[in-house]
Amino acid sequence: MEQTLSIIKPDGVSRNLVGEIIRRFEQAGLRVAAVRKLHLSAREAGDFYDVHRQRPFFGDLVSFMTSGPVVAMVLEGPGAIAKNRDLMGATNPKDAAKGTIRGDFSESIDANTVHGSDGPQTAAQEIAFFFARREIM
Ligand code: CMP
């Protein structure tokens, strides 16, 4: 059984897509093991995306991620990391296939609706960023 972190970004939350996105996860066999809605501070968003700190898009990324509340969740299931990434589609919605979350809903590379961990080590770090062990069922 594998776990991964998913974030529904401010564009997904403000457009009332939380239920539709979770429905897609559940329908694909993933289980929500923890869930939380919060409004990230600039420091929290910067720390979460620390690997991108030197990239030219870092400022825009932090400003978008702090523009409204997000919903963070732990998804669990066989191959959860890859399955979540398949459901999300390509990072840039221009490249994301129809039927994927980003292909169906995203407006731009920043407002790309969801984030998902890209590997086992990042998943462990990202889950620990949002949740204490006792909050994960
Ligand atoms: P996410 O999967 O949350 O990881 C980092 C985010 O940075 C990414 O989704 C995009 O929303 C955003 N981003 C903006 N510009 C770029 C870019 N050129 N390459 C990758 N990610 C970008």
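A short tour of the structure in this document, coming up. A quick note: this is a predicted structure, and the numbers were derived from the prediction, not measured.

A few words on the site of the ligand. What surrounds the ligand is the set K9, Y49, H52, F57, L61, T91, R102, I109, D110, N112 and H115. Residue Y49 places a side-chain N or O atom 2.6 Å away from an oxygen atom belonging to the ligand. Between an oxygen atom of the ligand and a side-chain N or O atom of N112, the distance comes to 3.3 Å. Relative to its unbound accessible area of 460 Å², the ligand is 78% covered by the protein chains. If you map the ligand onto the pockets, it falls in the largest pocket. Class assignment of the residues belonging to the shell around the ligand gives a composition of four nonpolar, four polar and three charged.

Quick look at the packing of aromatic side chains now. Considering all chains together, one arrives at five aromatic pairs under this definition. Centroid distance F48 to Y49: 5.0 Å. Interplanar angle 85°. Geometry classified as edge-to-face. A relative accessible area of 10% places F48 in the buried class. In this structure Y49 comes out as buried when scored by relative accessible area, which is 5%. Both rings, one in F129 and one in F130, keep their centres 5.0 Å apart while their planes meet at 65°; by these two values the pair is edge-to-face. The class of F129 is partly exposed, set by a relative accessible area of 35%. Every member of this aromatic cluster is reached through a ring pair, and the members are F48, Y49, F129, F130 and F131.

Turning to helix α5 (residues 80-88), a few remarks are in order. Taken as a whole, α5 has its buried residues at A80, I81, N84 and M88. Looking down the long axis of α5, one finds its buried residues gathered within 100° of arc, a one-sided arrangement. G89, located one to two residues past α5, shows a positive phi value of around 85°.

One open sheet accounts for four strands, arranged β2-β3-β1-β4; its pairing is antiparallel. Edge positions in the sheet fall to β2 (31-38) and β4 (114-116), since each of these pairs with one other strand and no more. Averaged over all pairs of adjacent strands, the angle between their axes in this sheet comes to 20°, without regard to strand direction. Pairing between β2 and strand β3 (residues 70-77): seven bridges, direction antiparallel. Bridge pairing in β3 places V35 opposite M73.

Conventions used here
- Residues numbered from 1 in each chain as written.
- Predicted model: local features only at pLDDT ≥ 70, side-chain atom pairs only at ≥ 80, totals over all residues.
- Heavy atoms only, no water.
- Near = heavy atom within 4 Å.
- Polar contact = N/O pair within 3.5 Å; in protein donor to acceptor, adjacent residues only side chain to side chain.
- Areas by Shrake-Rupley, 256 points an atom, 1.4 Å probe, with all protein chains shown as cover.
- 1 Å grid on protein atoms, 1.4 Å probe; cavity = no way out; pocket = protein on both sides within 12 Å on 5 of 7 lines; lining within 4 Å.
- Sits in = over half its atoms within 2 Å of the grid points.
- Nonpolar A, V, L, I, M, F, W, Y, C, P; charged D, E, K, R; others polar.
- Phe/Tyr/Trp six-rings, centres within 6.5 Å; stacked < 30°, edge-to-face > 60°.
- Buried < 20%, exposed > 50% of the residue type's maximum accessible area, 1.4 Å probe, protein only.
- Helix = DSSP H or I, 4+ residues; strand = E, 2+ residues; numbered from the N terminus.
- Arc of directions from axis to C-beta.
- Pairing = 2+ DSSP bridges.
- Axes fitted to C-alpha atoms, helices over the stretch in contact; angles between N-to-C directions.

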